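This is what each chain is made of:
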Amino acid sequence: VMRESYTSENEKGFKTLNPTLRPIVIVGGKGKMGRLFERMLLLSGYQVRILDKEEWQDAASLVSDAGMVIISVPIHLTEQVIRQLPPLPEDCILVDLCSVKKAPLEAMMAVHSGPVLGLHPMFGPDSGSLAKQVVVWCDGRYPEAYQWFLQQIAVWGARLQAVSADEHDNNMAFIQALRHFATFAYGLHLSEENVDLKQLLALSSPIYRLELAMVGRLFAQDPQLYADIIMSSPNNIALIKRYYTRFGEALEQLERGDKASFINSFSAVQTWFGDYAGTFMAESRSLLRSANDNRK
Ligand code: NAD
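### Focus: the confidence of the model for the protein chain
(1) Moving on: Summing up the model confidence of the protein chain, the mean pLDDT is 94 and the portion of residues at 70 or higher is 96%.
(2) Moving on: Counting interchain partners and residues more than four positions distant, the pLDDT-below-50 stretch residues 1–5 has 2 contacts.
(3) Moving on: Across the assembled chains, the prediction reports ipTM 0.99 with pTM 0.89.

Take a look at the structure:
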């Protein structure tokens, strides 16, 4: 119901929080995330210009009177594209939507002396709306200049969460790099074992179907994006390596047939999760219930 009400609000348009803003330029605006922001900004009454690969010869004139420039190019090109920007008006707000934050934010601070903001939309563009989604933001420079934009994003229905670029990247190592890599490895394993997905699903309870859907959905998406996210920092690789080591150590317990030590480790993790274990049990139960209700 929530999602439907935001969707219908989309068609009517959103309140314009900064009606005097000069045009907004989206660099990489023909891409998936760029198009979503273009649509939301147009629905909110702003003027939007696109600067994609083919438009670089017009870059200087496109940005010459821009009120805001949003960078939404693939991760591995982000810093290079930021360095390639023509000079921006002094009061122009420079923003990026990149899934990593530290390096792009530093690059933006280096090329522009006006307001700078780092954003990370924590969802895929296939969501089609920002309702109930999380948008992480990292302050760059002159935060007073872009408070209206954060509020505008809140008007679109998103929950905003502030974090430093360092903390962002450290947490994303878990939320994105480790998680996506583990999912990739699981998918790789299923494919190498050549399991019969149809039969697996026929024999599965709803929770396994849901788990498989979480794995399978990764492979409906852009491999370049995930390669970029996972390999965006040596810290990510180090974290994945520690996971690999622990996986091996846990496997050794199994090979030794050492049930007592498996149960000990299990209990230690149980203690570590504490109250969250019960909370997660209840939360997943209600998710499963609604997943069941939605299945035809
Ligand atoms: P995309 O590949 O769909 O779009 C990128 C766009 O950039 C394309 O239109 C491409 O033509 C354009 N481009 C490439 N090189 C360019 C250049 N030199 N100059 C101008 N334009 C150029 O990628 P996307 O999924 O829209 O991702 C864009 C940004 O959004 C990335 O920084 C990514 O980290 C971020 N993001 C994406 C997702 C997601 O799920 N797709 C989620 C969160 C954040």
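### Focus: the pattern of salt bridges
(1) Moving on: Considering all chains together, one arrives at 10 salt bridges under this definition.
(2) Moving on: Of the charged contacts, one joins Glu54 and Lys30 as a salt bridge, the two residues approaching to 3.6 Å between their closest N and O atoms. Highlighted residues: Glu54 in the loop between strand E2 (48–51) and helix H3 (59–63) and Lys30 in the loop between strand E1 (24–27) and helix H2 (32–43), separated in sequence by 24 residues.
(3) Moving on: Residue Lys30 is classed as partly exposed on the basis of its relative accessible area of 44%.
(4) Moving on: We note a salt bridge from Arg49 to Asp65, for which the minimum N-O separation is 2.8 Å. Placement of the pair is Arg49 in strand E2 and Asp65 in the loop between H3 and strand E3 (68–71), with a sequence separation of 16 residues.

### Concerning the nonpolar core
(1) Moving on: Membership of the largest hydrophobic core comes to 29 residues, with the highest contact counts inside it found for Leu41, Ile70, Leu119, Leu130, Phe149 and Trp156.
(2) Moving on: Counting only elements with at least two residues in this core, the list comes to E1, H2, E3, strand E4 (93–96), strand E5 (116–121), strand E6 (134–141) and helix H6 (147–155).
(3) Moving on: For this core, the element with the highest residue contribution is H2, accounting for 5 residues.
(4) Moving on: Residues Ala59, Val69, Ile71 and Ala107 belong to the second largest nonpolar core, which totals 22 residues.

### Remarks on the sheet that holds E1
(1) Moving on: The 7 strands are arranged E2-E1-E3-E4-E5-E6-E7 in an open sheet whose pairing can be described as mixed. This sheet does not close on itself; its edge strands, each paired only once, are E2 and strand E7 (159–162). Here the strands of the sheet are splayed against their neighbours by 25° on average, with no regard to which way each runs.
(2) Moving on: Here E1 runs beside E3; their pairing, made up of 4 bridges, is parallel. Within E3, the residue paired with Ile24 across the bridge is Met68.

### Topic: a nonpolar patch on the surface
(1) Moving on: Judged by side-chain polarity, Leu251, Leu254, Phe262, Ile263 and Phe266 come together as a nonpolar surface patch covering roughly 500 Å² of accessible area.
(2) Moving on: At 3 residues, the largest contribution of residues to the nonpolar patch is made by helix H12 (residues 259–273).
(3) Moving on: Summarising the element assignment, Phe266 is placed in helix H12.

### Some points on the side chain of Ser72
(1) Moving on: Among the secondary structure elements, Ser72 is positioned in the loop between E3 and helix H4 (78–84).
(2) Moving on: Sequence-distant contacts of Ser72, that is, excluding residues within four places in its chain, are made with Ile26, Val27, Gly28, Met33, Gly34 and Leu97.

### Focus on the environment of Gly34
(1) Moving on: With respect to the secondary-structure elements, Gly34 resides in helix H2.
(2) Moving on: Put simply, Gly34 and Leu97 are 63 residues apart on the chain and 8.8 Å apart in space, counted from C-alpha to C-alpha.
(3) Moving on: With residues near it in sequence (within four places) discarded, Gly34 still touches Ile26, Gly28, Gly29 and Ser72.

### Quick look at the site of the ligand
(1) Moving on: If you check the shell around the ligand, you find 25 residues, and the closest are Lys32, Met33, Asp52, Trp56 and Ser99.
(2) Moving on: In this structure, Asp52 approaches the ligand through a side-chain N or O atom, which is 2.5 Å from an oxygen atom.
(3) Moving on: Contact between the ligand and Trp56: a nitrogen atom at 2.7 Å from a side-chain N or O atom of the residue.
(4) Moving on: Burial of the ligand by the surrounding chains reaches 87%, relative to a free accessible area of 830 Å².
(5) Moving on: Listed by contribution, the elements that provide at least two residues to the shell around the ligand are H2 and E5.

Calculation criteria
- Residues numbered from 1 in each chain as written.
- Predicted model: local features only at pLDDT ≥ 70, side-chain atom pairs only at ≥ 80, totals over all residues.
- Heavy atoms only, no water.
- pLDDT = per-residue confidence, 0-100.
- Contact = heavy atoms within 4.5 Å.
- Salt bridge = Lys/Arg side-chain N within 4 Å of Asp/Glu carboxyl O.
- Helix = DSSP H or I, 4+ residues; strand = E, 2+ residues; numbered from the N terminus.
- Buried < 20%, exposed > 50% of the residue type's maximum accessible area, 1.4 Å probe, protein only.
- Core = buried A, V, L, I, M, F, W, Y, C linked by side-chain atoms within 4.5 Å.
- Pairing = 2+ DSSP bridges.
- Axes fitted to C-alpha atoms, helices over the stretch in contact; angles between N-to-C directions.
- Patch = residues over 30% accessible without salt bridge, like charges linked within 9 Å, V, L, I, M, F, W, Y side chains within 5 Å.
- Areas by Shrake-Rupley, 256 points an atom, 1.4 Å probe, with all protein chains shown as cover.
- Near = heavy atom within 4 Å.
- Polar contact = N/O pair within 3.5 Å; in protein donor to acceptor, adjacent residues only side chain to side chain.

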